[in-house]
Amino acid sequence: MNSNENSIPWPVLHFPEIQDTLETLHQWIQIVGKIRLRTMPWQNHSWHSTLYLSPHGFSTQAIPYGGGFFQIDFDFRQHQLLIACAHGETLRMELRSMTVADFYAELFEKLAQLQIQVAIHGRPNELETAIPFQENTVNRTYKPEAAQKLWQAMSKAQQVFTLFRSEFVGKCSPVHLFWGAFDLAVTRFSGRPAPLHPGGAPNMPLDVMQEAYSKEVSSAGFWPGSANFPEPIFYSYAYPASPLFSEQKIRPNEAFYSVEMGEFMLKYEDVQQAADPEAKLLDFLQSTYEAAAILAEWNRGELERAAT
């Protein structure tokens, strides 16, 4: 990795300090993500719906529309939301403490000014409490420092995920941000079909879940936590998972298996405080992938880049 990037420290994330901002941002990125979902051509496993990290925050990247493109960016340096169009006009919203309902109204007002017409499903997905966006006055907190720390943590994780992804020559997802659960993820595929997924995520259509897990995977990511699990973590899981998956010895020593979640976990704090955070996280990603691939007898000779 670039030494200049490594000189930037991993930020400290204390969930109680970021919780209110995280919960508000989660609603906001769902709104923006749903705009991308409705306007992008479909891609397998819902990859067309995801957001991406940028040098300033989160981005939809360029979305084809009306013979041109538009793009929506969260800028956590200037604390603005930018809506840019290929014809040259860019509108801005100040990111500040405001209700989800106010964010929704202001964003769609600006889209209308740009003659972008899009209708989205008006409730959040993958959240047990799904207040319609236009009615949500509960989530209303935006603390600039909390938003910036969250983005910086994801940026550090993305560097390691991108390096990890480079070692795999089989089908692999981009490193992308799923707005449903608010997790940054990268997924490797064996190339074989998977059994029909049983579903189970709240407010998530079963057919979407089943298409997302229609192929055998080993997936890893970063999740900033929730009120029910107030701990930012790295995770790794397999689908379908061998009954022996949970018993595998993985690295580093701080990693553990969560029976409740059905995946291996490594606390963000253990990575952030390590002498070499990137190496510790990469060790976790590699060892959990190997556990999944060996148990499922993946054709690793064809799927992994040969050592040089």
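Structure: see above.
Residues numbered from 1 in each chain as written. Predicted model: local features only at pLDDT ≥ 70, side-chain atom pairs only at ≥ 80, totals over all residues. Heavy atoms only, no water.

This next bit is on the packing of helix α4 (residues 144-165) against helix α7 (residues 277-295). At a minimum axis separation of 10 Å, α4 and α7 run at an interaxial angle of 45°. The angle between α4 and α7 places the two elements in the oblique class. Like other packed secondary-structure pairs, α4 and α7 cross with a definite hand, here right-handed. Contacts between α4 and α7 involve Lys 156, Ala 157, Val 160, Phe 161, Leu 163 and Phe 164 from the first element and Glu 278, Leu 281, Leu 282, Leu 285, Gln 286 and Tyr 289 from the second. A breakdown of the residues in the contact of α4 with α7 according to their chemical character gives nine nonpolar, one polar and two charged. (Axes fitted to C-alpha atoms, helices over the stretch in contact; angles between N-to-C directions. Helix = DSSP H or I, 4+ residues; strand = E, 2+ residues; numbered from the N terminus. Parallel < 35°, antiparallel > 145°, perpendicular 65-115°, else oblique. Left-handed = near helix turned anticlockwise from the far one by under 90°. Contact = heavy atoms within 4.5 Å. Nonpolar A, V, L, I, M, F, W, Y, C, P; charged D, E, K, R; others polar.)

Bringing the pattern of salt bridges into the picture now. Considering all chains together, one arrives at nine salt bridges under this definition. Glu 216 is the salt-bridge partner of Arg 192, the closest N and O atoms lying 2.8 Å from each other. Taken as a pair, Arg 192 in strand β8 (residues 183-193) and Glu 216 in strand β9 (residues 215-223) lie far apart in primary sequence, 24 residues in all. Relative accessible area serves as the criterion here: at 32%, Arg 192 is assigned to the partly exposed category. Given a relative accessible area of 7%, Glu 216 falls into the buried group. Put simply, Arg 300 and Glu 304 hold a salt bridge, and the shortest N to O gap is 2.5 Å. What makes Arg 300 partly exposed here is its relative accessible area of 24%. One continuous salt-bridge network, built from bridges that share partners, spans Glu 290, Arg 300 and Glu 304. (Salt bridge = Lys/Arg side-chain N within 4 Å of Asp/Glu carboxyl O. Buried < 20%, exposed > 50% of the residue type's maximum accessible area, 1.4 Å probe, protein only.)

We now examine the packing of aromatic side chains. Scanning the entire structure with this criterion turns up 27 aromatic pairs. Ring plane angle 20° and centroid distance 6.0 Å describe the contact between Tyr 235 and Tyr 237, whose orientation is recorded as stacked. Each of the two residues, Tyr 235 as well as Tyr 237, counts as buried. Seen in terms of ring centroids, Phe 245 and Phe 264 are 5.0 Å apart; in terms of plane orientation they differ by 75°. Their pairing is edge-to-face. In this pair, Phe 245 sits in the loop between β10 (233-239) and β11 (256-258) while Phe 264 sits in strand β12 (residues 263-267), placing the two residues 19 residues apart along the sequence. Accessibility classification places Phe 245 together with Phe 264 in one group, the buried group. Put simply, the rings of Trp 28, Phe 58, Phe 74, Phe 76, Phe 103, Tyr 142 and Phe 182 pair up and form one aromatic cluster. Geometry around Phe 189 places Lys 171 over its ring, the cationic atom sitting 4.6 Å from the centre. For the cation-ring pair, Arg 188 lies above Tyr 289, with the distance from its terminal atom to the ring centre recorded as 4.4 Å. (Phe/Tyr/Trp six-rings, centres within 6.5 Å; stacked < 30°, edge-to-face > 60°. Lys NZ or Arg CZ within 6 Å of the ring centre and 35° of its normal.)

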